[in-house]
Amino acid sequence: MKLLMLGGTEFVGRAVTEDALARGWEVTVFHRGRHAPPPGTRALHGDRTAPGGLAALTAGEWDLAVDTWGAAPTAVRDSARLLSGRAARYAYVSSRSVYAYPAPAGQGEDGLLVQGSPDAAATAYAEDKRGGELAALEAFADRALLVRAGLILGPYENVGRLPWWLNRIARGGPVLAPGPRDLPIQYVDVRDLARWTLDAAGAGLAGPCNLVAPPGHATMGSLLDACAAVTGGKADLRWTDPAPILAAGVEPWTELPIWLPAGESHDHMFGGDVTRALKAGLTCRPVEETVADTWSWLRTLDGRAPQRPDRPAPGLDAEREAALLGL
């Protein structure tokens, strides 16, 4: 198999690239040159947002192109149009954010969507991803796979959610643990996403597909317990009801990464139906493995995870945490 990875040097793109290399595939990585791609790839350079930025892609043929772009849909449009006659299939890593808010728990791929356009400049994340989907469909039709990922965790994370929890818990002492312990969370390990995407695209799957672990795979308790175990067990997780956390003005998801209290937002983010992905072969490794491998990777960086410049670093200020814990 010949894979063209649009991106391929960070987080999702890197995981897809490494999975393809492990299969013995021939991998071409098209990127801006800011980060080194995994060894064993062929690199092509260009900037998808610049005039003439796709010049390096005017020649070549591939069995599959994978695209993770999350900004202006025009970049997906231009790439997909250019490749439509020379790539057999196109997998676009989209997002469950394309579903109109609030999406009810248990919603499948037929839910109401936000508006988007393949011809739009960058607007907002959900609309940009929907525009990217439409661009992929416009160029590839029934040869396009739309991978609607939810929360993505694992090694190489450059958004900072799981790395923040690992670093905070590694410092030890009393830790504000937002409850309840048995609150379900729904995410996908980036390596499971990569494996499933290549398997599904290679098998000819097309159209939209929600891609997260099934409900019940993990909870806030199992996630934070795993963080405590791999970092040495010096932390004292102080499980706290949502009410005082919210009353103090603490922002779920951003100040306390991954956590969303039960209700509308939780159902929207952590209630996706993944029947189609499971039927197409999705398997999800245990949360303990995702946490342990992310911690091992993080330690190679002295705890300093990369941070995307377009995303604010998440996390709760130590003084606010102490105040909430009554310390």
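The preceding data block contains the structure.
Predicted, not measured: the structure shown is a model, and the values here were computed from it.

Turning to the packing of helix α4 (residues 161-170) against helix α6 (residues 220-230), a few remarks are in order. Where α4 contacts α6, the axes come no closer than 9 Å and their chain directions differ by 50 degrees. By the angle between their directions, the pair α4 and α6 is classed as oblique. As α4 runs across α6, the sense of the crossing is right-handed. Seen from α4, the contacting residues are Leu162, Trp165, Leu166 and Ile169; seen from α6, they are Leu223, Leu224, Cys227, Ala228 and Val230. Split into classes, the residues belonging to the contact of α4 with α6 amount to nine nonpolar, no polar and no charged.

Here Gln107 shows up in the loop between β5 (87-95) and α3 (125-140). Not counting chain neighbours up to four residues away, the residues in contact with Gln107 comprise Tyr99, Leu112, Asn210, Gly271, Gly272 and Asp273.

Tracing the sequence through the fold places Ala88 in strand β5. Taking relative accessible area as the criterion, Ala88 reaches 38% and is therefore assigned partly exposed. Distance from Ala88 to Phe140, taken between C-alpha atoms, is 8.7 Å for residues 52 residues apart in sequence. Residue contacts for Ala88: discarding those within four places in its chain leaves Trp62, Asp63, Phe140 and Arg143.

Core analysis: the biggest nonpolar cluster contains 38 residues, and Trp165 and Ile169 have the highest contact counts within it. Of all the elements in the fold, those that place two or more residues in this core are β7 (151-153), α4, β8 (173-178), α6, β13 (235-240), α8 (264-270) and α10 (287-300). Sorting elements by how many residues they give to this core places α6 first, with six residues. The residues contacting Ile169, other than those within four sequence positions of it, are Val175, Leu224, Cys227, Ala228, Thr231, Ala235 and Leu237.

Turning next to the environment of Gly116. Here Gly116 shows up in the loop between β5 and α3. Each C-alpha atom of the pair Gly116 and Ala135 lies 9.8 Å from the other, and the pair is 19 residues apart in sequence. Look past the residues within four positions of Gly116 in its chain and what remains in contact with it is Glu127, Arg130, Gly131 and Leu134.

Evaluation of the coordinates by the stated rule reveals four aromatic pairs. Each ring, one from Trp164 and one from Trp165, has its centre 4.9 Å from the other, and the planes form 75 degrees; the classification is edge-to-face. For Trp164, a relative accessible area of 15% corresponds to the buried category. On the basis of relative accessibility, which here comes to 0%, the residue Trp165 falls in the buried class. The aromatic ring of Tyr156 is capped on one face by Arg14, whose charged end is 5.4 Å from the ring centroid. Sitting over the face of the ring of Tyr125, Arg311 holds its NZ or CZ atom 5.3 Å from the ring centroid.

One open sheet holds the seven strands; their spatial order is β3-β2-β1-β4-β5-β6-β11, and the pairing between them is parallel. On the outer flanks of this sheet lie β3 (42-45) and β11 (207-211), each paired with one strand and no other. Neighbour-to-neighbour, the strand axes of the sheet open up by a mean angle of 20 degrees, direction not taken into account. Two elements, strand β1 (residues 2-6) and strand β2 (residues 26-31), share five bridges in a ladder whose sense is parallel. In the strand pairing of β2, Lys2 is matched with Glu26. Across the sheet, helix α2 (residues 73-83) lies against β1, β4 (62-67) and β5, angled at about 165 degrees from β5, the strand it touches most.

Conventions used here
- Residues numbered from 1 in each chain as written.
- Predicted model: local features only at pLDDT ≥ 70, side-chain atom pairs only at ≥ 80, totals over all residues.
- Heavy atoms only, no water.
- Axes fitted to C-alpha atoms, helices over the stretch in contact; angles between N-to-C directions.
- Helix = DSSP H or I, 4+ residues; strand = E, 2+ residues; numbered from the N terminus.
- Parallel < 35°, antiparallel > 145°, perpendicular 65-115°, else oblique.
- Left-handed = near helix turned anticlockwise from the far one by under 90°.
- Contact = heavy atoms within 4.5 Å.
- Nonpolar A, V, L, I, M, F, W, Y, C, P; charged D, E, K, R; others polar.
- Buried < 20%, exposed > 50% of the residue type's maximum accessible area, 1.4 Å probe, protein only.
- Core = buried A, V, L, I, M, F, W, Y, C linked by side-chain atoms within 4.5 Å.
- Phe/Tyr/Trp six-rings, centres within 6.5 Å; stacked < 30°, edge-to-face > 60°.
- Lys NZ or Arg CZ within 6 Å of the ring centre and 35° of its normal.
- Pairing = 2+ DSSP bridges.

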